[in-house]
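Fold and geometry: a report
This is what each chain is made of:
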Amino acid sequence: MADQDQDLLDVDPYDPGDGSLLVFRWKQAGRDNLATRRQLREMGLRPGGQEPVARIECRGGKRFAWLYRIDLAKPKRPMTLAKEAALDKAMAARQTCGTCRRRYFHCLPLKTLGSCLECFDGTPADPASYIAPPAKHLLAS
Ligand SMILES: [Zn+2]
């Protein structure tokens, strides 16, 4: 009797004892839609409140990790990203030359010069110190 979890995972789960979770031996599972908490973190995700759907075991169950569904995982730290995007926007205003629209990696003397040094007096700017226009937003699209 094949259940849908077995179809989803394409492995041979055996009864963990309490009947509640699938258990896989390490490296055995073809876990297309499953990941450990650590693997989720590497993908920039977090379990997001879901219960683990399976357990993966290594060396006779001495080491194990919970497996979570990737499609139910949530992005990690959305608030921080939003904050960084807002901060980046504020920084962009202070780093972008109003004349040539280059965005520099440092703040410009916009209050005194109103532009970058190259636009102000012709001092060549180091090409490594700015992003050529059109200025690309670093974090948000
Ligand atoms: Zn400029």
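Re the overall build of the protein chain
- Of the regular secondary structure elements, the protein chain holds four helices and eight strands.
- In the protein chain, the succession of α and β elements from N to C terminus is α-β-β-α-β-β-β-β-α-β-α-β.
- For the protein chain, buried positions account for 26% of its 141 residues.
- Counting only contacts in the protein chain whose residues sit at least 6 apart along the sequence, the fraction spanning at least 24 positions is 50%.

Section: the coordination of the zinc ion
- Within the protein, the zinc ion binds to Cys97 (SG), Cys100 (SG), Cys116 (SG) and Cys119 (SG); these donor distances fall in the range 2.2 to 2.3 Å.
- Every donor counted, the four donor atoms about the zinc ion form angles of 102 to 117° at the centre, which fits tetrahedral coordination.
- Read from N- to C-terminus, the donor residues coordinating the zinc ion fall into the pattern C-x2-C-x15-C-x2-C. With Cys97 in the loop between α3 (78-95) and β7 (103-104) and Cys116 in the loop between β7 and α4 (117-121), the pair connects residues that are 19 residues apart, well separated along the chain. Neither residue differs from the other here; Cys97 and Cys116 are each classed as buried.

Looking at the pattern of salt bridges
- Taken as a whole, this structure holds four salt bridges when the rule is applied.
- Taking the shortest distance from any N to any O, the salt bridge between Arg69 and Asp71 comes out at 2.9 Å.
- A residue is classified by how much of its surface remains accessible, and Asp71, at 47% relative accessible area, is partly exposed.

Describing the packing of aromatic side chains
- Inspection of the entire model under this criterion finds one aromatic pair.
- Here Arg102 stacks its cationic end above the ring of Tyr130, 4.2 Å away from the centre of that ring.

Comments concerning the nonpolar core
- If you look at the biggest cluster of nonpolar residues, it comprises seven residues: Cys97, Cys100, Tyr104, Leu108, Cys116, Ala125 and Tyr130.
- Not counting chain neighbours up to four residues away, the residues in contact with Leu108 comprise Arg94, Gln95, Thr96, Cys97 and Cys116.

A word on the environment of Gln50
- Its location among the elements puts Gln50 in the loop between β3 (45-46) and β4 (54-58).
- The exposure class of Gln50 is buried, given its relative accessible area of 13%.
- With 24 residues separating them in the primary sequence, Gln50 and Lys74 have C-alpha atoms 9.6 Å apart.
- Each residue touching Gln50, except ones within four places of it in the same chain, is listed here: Tyr68, Arg69, Leu72 and Ala73.
- In terms of polar contacts, Gln50 uses its side chain to reach the backbone carbonyl oxygen of Arg69, at 2.9 Å.

Comments concerning the side chain of Gln95
- Summarising the element assignment, Gln95 is placed in helix α3.
- Using a relative accessible area of 6% as the deciding quantity, one classes Gln95 as buried.
- Once residues lying within four places of it in the same chain are set aside, the contact partners of Gln95 are Arg102, Arg103, Tyr104, Phe105, His106, Cys107 and Leu108.

A look at unusual backbone geometry
- Even without being a glycine, Arg101 presents a positive backbone phi close to 65°.
- Position of Arg101 relative to the elements: it lies in the loop between α3 and β7.
- With a relative accessible area of 48%, Arg101 lands in the partly exposed category.

Examining the environment of Cys119
- Residue placement: Cys119 occurs in helix α4.
- Sequence-wise, Cys119 and Cys97 are 22 residues apart; in three dimensions their C-alpha atoms are separated by 8.4 Å.

About the cut-offs
Residues numbered from 1 in each chain as written. Predicted model: local features only at pLDDT ≥ 70, side-chain atom pairs only at ≥ 80, totals over all residues. Heavy atoms only, no water. Helix = DSSP H or I, 4+ residues; strand = E, 2+ residues; numbered from the N terminus. Buried < 20%, exposed > 50% of the residue type's maximum accessible area, 1.4 Å probe, protein only. Contact = heavy atoms within 4.5 Å. Donors = N, O, S within 2.8 Å, 3.2 Å for Na, K, Ca; no water. Tetrahedral: all angles 85-135°; square planar, octahedral: opposite > 155°, others 65-115°. Salt bridge = Lys/Arg side-chain N within 4 Å of Asp/Glu carboxyl O. Phe/Tyr/Trp six-rings, centres within 6.5 Å; stacked < 30°, edge-to-face > 60°. Lys NZ or Arg CZ within 6 Å of the ring centre and 35° of its normal. Core = buried A, V, L, I, M, F, W, Y, C linked by side-chain atoms within 4.5 Å. Polar contact = N/O pair within 3.5 Å; in protein donor to acceptor, adjacent residues only side chain to side chain.

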